[in-house]
Amino acid sequence: MKLRLLKRKKDKLSDEELVKKIVISDDLSYFVEIYDRHIKMVYQKCLGFTKDQAEAKDLAHDVMVKIYLSLKKFNHKAKFSTWIYRITYNHCIDHENKKRKRNLSEEDIEWINENSGILEPDDSELTKISVDQLNDLLNEISPSEKSILLMKYQDGLSIKEIGKIVEKNESAVKMKLKRSKEKIIAIYESRKQ
């Protein structure tokens, strides 16, 4: 009975209040509540990067460990969910960059760099690409480019929200989105030839 009352009490606390309790008391039971609230979202974001369930589970676990170890650094300036989102994306980007460096040849990197500014597509250009083709194309661009496109078009985040997550101003986010779309279209066009 006492455990149920404690659980109900934790359910009513906001994420930010739970973080304060963890930092003060170092009580893992409060983190279990944070874990339960956010693991599904973290796993889904990791799966969006890897497309492999086992790898996504490993990444999600790593992210949650990183979150726990970083709780004292949470500054309460942004929403806790935004902070978790940023940690998740950064961890996935780092993971994908390491994987990509192992897989890309110097010729691949040179071709991508040479062809990154060919077109200036708008969103209608992206809609002409099938979902399967788009998934393949997303794996051809850098993890940071992929993440910003996923945040905008899959997660429906605003430019301002993306800026908070990637810690860039709105102009920089818009430019990164534009360049990422251009790169996707350039790769798509080159494959049609």
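Relevant structure appears above.
Reading guide: rules and limits
Residue indices follow the written sequence of each chain, beginning from 1 at its first position. In view of the model being predicted, local features appear only for residues whose pLDDT reaches at least 70, and side-chain atom pairs are presented and counted only at 80 or more, with totals across whole chains, interfaces and linings using the full set of residues. As a convention, hydrogens and water are excluded, and side-chain values are obtained from all of the structure's heavy atoms. A run of DSSP states H or I qualifies as a helix once it reaches four residues; a run of E qualifies as a strand once it reaches two. Both are numbered from the N-terminal end. Summary of the burial criterion: residues with accessible area below 20% of their type's maximum are buried, those above 50% are exposed, and those between are partly exposed, where the area comes from a 1.4 Å probe applied to protein chains only. Residue contacts follow a heavy-atom distance rule, with two residues in contact if any of their heavy atoms lie within 4.5 Å. Lines fitted to the C-alpha atoms define the axes, with helices restricted to the stretch that makes contact. Angles between their N-to-C directions range from 0 to 180 degrees. To sort the angles, those under 35 degrees are grouped as roughly parallel, those over 145 as roughly antiparallel, those from 65 to 115 as roughly perpendicular, and the leftovers as oblique. Think of it as three bins: nonpolar holds Ala, Val, Leu, Ile, Met, Phe, Trp, Tyr, Cys and Pro, charged holds Asp, Glu, Lys and Arg, and polar takes everything else, Gly as well. Aromatic pairs are defined between Phe, Tyr and Trp rings, using the six-membered ring for Trp, whenever the two ring centres lie within 6.5 Å; interplanar angles under 30 degrees are classed as stacked, those over 60 as edge-to-face, and all others as tilted. To qualify as a nonpolar core, a set must consist of buried Ala, Val, Leu, Ile, Met, Phe, Trp, Tyr and Cys residues joined through side-chain atoms within 4.5 Å. A cavity here means a set of points on a 1 Å grid, drawn over the protein atoms and nothing else, where a 1.4 Å probe fits but cannot get out; a pocket is an open set with protein on both sides within 12 Å along at least five of seven lines, and a residue lines either one if it has an atom within 4 Å of a point. Grid points are joined across faces, edges and corners, and a volume is the space filled by probe spheres set on the points.

S.K.: Is there a simple way to think about the overall build of the chain in this case?
M.R.: Assigned secondary structure in the chain consists of 11 helices and zero strands. From first element to last, N terminus to C terminus, the chain shows the α and β order α-α-α-α-α-α-α-α-α-α-α. Expressed as a percentage of its 193 residues, the buried residues of the chain come to 38%. Contacts spanning at least 24 positions in sequence make up 68% of the contacts within the chain whose residues lie at least 6 apart.

S.K.: Just checking my understanding: could you explain the packing of helix α10 (residues 159-166) against helix α11 (residues 170-192) for this structure?
M.R.: Any two packed helices are characterised by the angle at which their axes cross and by the distance between the axes. Where α10 contacts α11, the two axes come as close as 9 Å, and the packing angle between them is 100°. Between α10 and α11, the angle is such that the two are roughly perpendicular. Packed against α10, whose contacting residues are I159, K160, I162, G163 and V166, the element α11 presents E170, V173, K174 and L177 at the interface. Split into classes, the residues belonging to the contact of α10 with α11 amount to five nonpolar, one polar and three charged.

S.K.: When you look at the packing of aromatic side chains in this model, what are you seeing that I'm missing?
M.R.: Between two aromatic rings, the relevant description is the distance of the centres plus the angle of the planes. Counting across every chain of the model gives six aromatic pairs. Summarising the aromatic geometry, the rings of F74 and F80 are spaced 5.2 Å apart at their centres and angled 90° between planes, so their arrangement reads as edge-to-face. Residue F74 shares its accessibility class with F80, and that shared class is buried. Ring geometry for Y85 and Y89: centres 4.9 Å apart, planes at 45°, overall tilted. Of the two residues, Y85 and Y89 both sit in helix α5 (residues 80-103), four residues apart, roughly one turn of that helix. Neither residue differs from the other here; Y85 and Y89 are each classed as buried. One aromatic cluster is present, built from ring pairs that chain together F49, Y85 and Y89.

S.K.: Explain the nonpolar core to me, please; I cannot follow it from the model alone.
M.R.: General note: in soluble globular proteins, nonpolar side chains tend to be found buried as a group. Counting residues in each nonpolar core, the largest one holds 43 residues, and the members touching the most others are C46, I67, L71, F80 and W83. Looking at this core, the elements with two or more residues in it are α2 (15-25), α3 (28-50), α4 (53-70), α5, α8 (131-138), α9 (143-154), α10 and α11. Not counting chain neighbours up to four residues away, the residues in contact with W83 comprise I67, S70, L71 and F74.

S.K.: So what exactly am I meant to see when it comes to empty space enclosed by the protein here?
M.R.: Taking a probe equal in size to a water molecule and rolling it over the atoms shows the remaining empty space. Evaluated as defined, the whole model comprises one cavity of 30 Å³ or more. In this structure, the largest cavity occupies an estimated 40 Å³ of space. Together, Q44, K45, G48, F49, Y89, L150, Q154 and D155 line the largest cavity. Breaking the lining of the largest cavity down by element, the ones donating at least two residues are α3 and α9. Top element by residues in the lining of the largest cavity is α3. It accounts for four residues. Looking at the lining of the largest cavity residue by residue, the classes come out as three nonpolar, three polar and two charged.

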